[in-house]
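Structural overview for review
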Amino acid sequence: MTDRKEWNSWKWQFANRITTAEELDRVLHLSPSEKDNISCCLKNFRMAITPYYASLMDPEDPDCPIRRQAVPSILETVRGEFDLDDPLGEVRYNPVPYVVQRYPDRALLLVTLKCSMYCRHCTRRRVVGENEEFIIPQPALDVALDYIRRHTEIRDVLISGGDPFVLPTDRLEHIISSVRAIEHVEIIRIGTRVPVVMPMRIDKELTDMLRKYHPLWVNTHFNHPKELTPEAVRACEALADAGIPLGNQTVLLKGINDSTPVMKELLLKLVKARVRPYYIFQCDLSVGISHFRVPVQTGIDIMHDLIGNISGYAVPKYAVDAPGGGGKVPLNYNYIVSKDDRELTLETYTGRLYKYPVR
Ligand SMILES: *Cc1c(COP(=O)(O)O)cnc(C)c1O
Ligand code: SF4
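The notes below deal with the structure included here. Please read these numbers as outputs of a predicted model, since none were measured by experiment.

Reading the values: rules and limits
Residues numbered from 1 in each chain as written. Chains lettered and ligands numbered in written order. Predicted model: local features only at pLDDT ≥ 70, side-chain atom pairs only at ≥ 80, totals over all residues. Heavy atoms only, no water. Near = heavy atom within 4 Å. Polar contact = N/O pair within 3.5 Å; in protein donor to acceptor, adjacent residues only side chain to side chain. Areas by Shrake-Rupley, 256 points an atom, 1.4 Å probe, with all protein chains shown as cover. Helix = DSSP H or I, 4+ residues; strand = E, 2+ residues; numbered from the N terminus. Nonpolar A, V, L, I, M, F, W, Y, C, P; charged D, E, K, R; others polar. Pairing = 2+ DSSP bridges. Axes fitted to C-alpha atoms, helices over the stretch in contact; angles between N-to-C directions. Expected span 1.5 Å × (residues − 1). Buried < 20%, exposed > 50% of the residue type's maximum accessible area, 1.4 Å probe, protein only. Contact = heavy atoms within 4.5 Å. Phe/Tyr/Trp six-rings, centres within 6.5 Å; stacked < 30°, edge-to-face > 60°. Lys NZ or Arg CZ within 6 Å of the ring centre and 35° of its normal. Core = buried A, V, L, I, M, F, W, Y, C linked by side-chain atoms within 4.5 Å. Arc of directions from axis to C-beta.

Around ligand 1, the neighbouring residues are V100, R102, Y103, R106, L108, L158, R189, Y278, Y279 and K328. Within the contact set of ligand 1, an oxygen atom lies 3.0 Å away from a side-chain nitrogen or oxygen of R102. The contact in question runs from an oxygen atom of ligand 1 to an N or O atom on the side chain of R106, over 2.6 Å. Out of a free accessible area of 390 Å², ligand 1 has 91% covered by protein chains. Elements with a minimum of two residues in the shell around ligand 1: β2 (106-110) and β7 (275-281).

Spelled out as structure tokens, the structure:
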């Protein structure tokens, strides 16, 4: 039996992650074939599930939306027709190691390959989890910082990975403060799934450190309303109370959140937790995740159901990351029904048509 103090310690959560089929069997009662399948998947992609996140899984239901994000499926060994090894062309857009720049004014800085939980649908599954000891070494960090320093057009730096919040606070502070010292960097963003999968990490030590480096934004990754537990909500509130604006990036996942009621509940719960839904992403073309992919039209239909029916604050952008690395492309319902020399015909969220002059 774990005591409460251990349970609430992120270091304990991290050290006690479930990483093998045998350990998982103690939580989920797997059939022998499920156990074999998991062991088989683990030859290609790592598994790690925090005891906290595992406690949200339904042990009786293999289709539990929490479980499907965390537990390997044999379908991961299938290479889908459209799968790509480097779906976002990140290798090509690496001007220096650990930096990805695909847009004129912002760059991604990859600081670790480690996460507290390995999402089965991860875009970067090709590299993430490969080496858990890896934290960007000082010489490489110097090269990356130098690149950002020389590129004065970069005003927004996204610190990502892996998950930056799994780093020891002092290591993370070293990285953030070095980026903050670059004069033309206006905002720093951190991408993390820690509030969802290991919310106890959002402790006072972390928020006291982060609040020194404003303007700093955090983007997190909730995919299902069940993930907004009291602990997760508290983590979001602690970040918000430290003055950090919070965004959320959701991945549209088959059987998990590909319906209007589930998506709506998720988005409204996020807003209540002071998190602004930022993106819903179409699943990308990483190898072994084709079973999670939903047709683009489903995403457009869900967006159409949401727009106008719930607060604009709760409605994110729906986008696909163009294969090969072109950048994010918004996928929108077309509200302009027709257009002639004089006027546009516009459709409202309820489907009524209105005319509006072209000029
Ligand atoms: C997503 C992404 C960004 C940020 O894009 P926003 O639309 O500003 O959130 C920046 N660089 C890379 C490489 C990205 O993938
Ligand atoms: S937290 Fe992010 S980087 Fe880590 S496994 Fe999940 S999706 Fe991938």
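A separate point is the site of ligand 2. C115, M117, Y118, C119, C122, R193 and H221 make up every residue found near ligand 2. Residues of the shell around ligand 2, tallied by class, amount to 5 nonpolar, 1 polar and 1 charged.

Once that is clear, we can look at the sheet that holds strand β12 (residues 353-357). What the 3 strands build is an open sheet, ordered β10-β11-β12; its pairing is antiparallel. Since the sheet does not close on itself, it has two edges, and those belong to β10 (336-339) and β12, each with one partner. In this sheet, neighbouring strand axes are inclined to one another by 25 degrees on average, regardless of whether the strands run parallel or antiparallel. Examined bridge by bridge, strand β11 (residues 343-347) and β12 share 5 bridges and lie antiparallel to one another. Looking at β12, one finds that L344 is bridged to Y356.

What follows concerns helix α8 (residues 169-180). Over its 12 residues, α8 runs 16 Å from end to end, which matches the ideal 16 Å to within 8%, given 1.5 Å per residue. Residues of α8 that are buried: T169, L172, I175, I176, S178, V179 and R180. Buried positions along α8 lie against β2, α7 (138-150), β3 (156-160), β4 (187-191), α10 (204-210) and β5 (216-220).

What follows covers the packing of aromatic side chains. Per the stated rule, a full pass over the model turns up 5 aromatic pairs. Centre to centre, the rings of W7 and W12 are 6.1 Å apart; their planes meet at 45 degrees, and the pair counts as tilted. For W7, a relative accessible area of 24% gives the class partly exposed. A connected cluster of aromatic rings, assembled from ring pairs, spans Y278, Y279 and F281. The ring of F45 has R125 sitting right over it, with the charged end atom 3.8 Å from the ring centre. Lying over the aromatic face of W10, R201 brings its terminal NZ or CZ to 4.1 Å of the ring centre.

Counting 94 residues, the largest nonpolar core has L24, Y53, L109, I176 and L210 as the members making the most contacts within it. Residues contacting L24, with those up to four places away along its chain left out, are I18, L30, I38, M47, I49, M57 and V71.

The next subject is α7. Over its 13 residues, α7 runs 18 Å from end to end, which matches the ideal 18 Å to within 8%, given 1.5 Å per residue. Buried within α7 are the following residues: A140, L141, A144, L145, Y147 and I148. The buried side chains of α7 occupy one side of the element, clustering within an arc of 155 degrees when seen end-on. Exposed side chains of α7 directed beyond 90 degrees from the buried face belong to P139 and R150. Of the surrounding elements, those touching the buried residues of α7 are β1 (99-100), β2, β3 and α8.

Here we take up unusual backbone geometry. Omega for the peptide link from G161 to G162 comes to 20 degrees, which places this bond in the cis form. Structurally, G162 can be placed in the loop between β3 and α8. Here H214 and P215 are connected by a cis peptide whose omega angle stands at -5 degrees. For P215, the position within the fold is in the loop between α10 and β5.

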